[in-house]
Amino acid sequence: YAILIGLVGSEMCIRDRWNAGNHLEARRGFASLLPLILLGVQPGLAWSVHKEVLVLRGIIAAATVRAPAKPLSARSRDALAAVLLSLSIPMPVSSR
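Let us look at the structure shown here. Worth saying up front: this structure is predicted, and the values here are computed from it rather than measured.

Quick notes on unusual backbone geometry
Here the bond from A67 into P68 is cis, since omega is 15°, no more than 30 degrees from zero. Among the secondary structure elements, P68 is positioned in the loop between α3 (46-56) and α4 (74-86).

Dropping the structure here:
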């Protein structure tokens, strides 16, 4: 999942902590990603969430999706922005 949204560093950090035996910190790291994961697995919105994150991170230019996927509503986009802010995910200066 993290690869799809450009968060490979977060996933690797959690795995490295787990492999080093620091299970509590690994669980905390995973728990911090759960709101983003939950947004990103909603039927009909999954691709929109993934693409929106990639746009916000400056990795792709547009979050356009094809049917049967649905574009994010303003409310969902605001929820996604709040989750990303809570994760301190680096965003380019030119993000929306």
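Past the structure itself, the notes keep going.
Some points on a nonpolar patch on the surface
Judged by side-chain polarity, F30, L34, L38 and V41 come together as a nonpolar surface patch covering roughly 370 Å² of accessible area. Summarising the element assignment, L38 is placed in helix α2 (residues 23-40).

Some thoughts on the environment of H50
Structurally, the position occupied by H50 is in helix α3. The exposure class of H50 is buried, given its relative accessible area of 6%. The spacing of H50 and L36 is 14 residues in sequence and 9.6 Å in space, taken between C-alpha atoms.

Quick word on the nonpolar core
Of all hydrophobic cores here, the largest spans 15 residues; its most connected members are L36, L80, L84 and L87. Contributing elements (two or more residues each) for this core: α2, α3 and α4. Examining the composition of this core, we find that 4 residues originate from one element, α2, more than from any other. Ignoring sequence-local partners within four residues, the contact set of L87 consists of S32, L33 and L36.

A short note on the packing of α2 against α4
One can describe the packing of α2 onto α4 by two numbers: an axis separation of 9 Å at closest approach and a directional angle of 155°. In this view, α2 runs roughly antiparallel relative to α4, as classed from their interaxial angle. For the pair α2 and α4, the crossing hand works out as left-handed. For the pair formed by α2 and α4, the contact residues are P35, L36 and L39 on the first element and A79, L80, V83 and L84 on the second. Looking at side-chain class alone, the contact of α2 with α4 contains 7 nonpolar, no polar and no charged residues.

Things to note about α4
An α-helical segment advances 3.6 residues per turn. Residues three or four places apart therefore align on the same side. If you check α4, its first and last C-alpha atoms are 18 Å apart, about what 13 residues at 1.5 Å a residue would give, namely 18 Å. Those residues of α4 that fall on the buried side of the exposure criterion are L80, V83 and L84. The arc that holds every buried residue of α4, seen down its axis, measures 95°, which confines them to one face. Turned more than 90 degrees from where α4 packs its buried face, A74, R75, D78, L85 and S86 sit exposed. Elements that come into contact with the buried residues of α4 comprise α2 and α3. After α4 finishes, the residue S88 shows a positive phi value of roughly 55°.

What counts and what doesn't
Residues numbered from 1 in each chain as written. Predicted model: local features only at pLDDT ≥ 70, side-chain atom pairs only at ≥ 80, totals over all residues. Heavy atoms only, no water. Helix = DSSP H or I, 4+ residues; strand = E, 2+ residues; numbered from the N terminus. Patch = residues over 30% accessible without salt bridge, like charges linked within 9 Å, V, L, I, M, F, W, Y side chains within 5 Å. Areas by Shrake-Rupley, 256 points an atom, 1.4 Å probe, with all protein chains shown as cover. Salt bridge = Lys/Arg side-chain N within 4 Å of Asp/Glu carboxyl O. Buried < 20%, exposed > 50% of the residue type's maximum accessible area, 1.4 Å probe, protein only. Core = buried A, V, L, I, M, F, W, Y, C linked by side-chain atoms within 4.5 Å. Contact = heavy atoms within 4.5 Å. Axes fitted to C-alpha atoms, helices over the stretch in contact; angles between N-to-C directions. Parallel < 35°, antiparallel > 145°, perpendicular 65-115°, else oblique. Left-handed = near helix turned anticlockwise from the far one by under 90°. Nonpolar A, V, L, I, M, F, W, Y, C, P; charged D, E, K, R; others polar. Expected span 1.5 Å × (residues − 1). Arc of directions from axis to C-beta.

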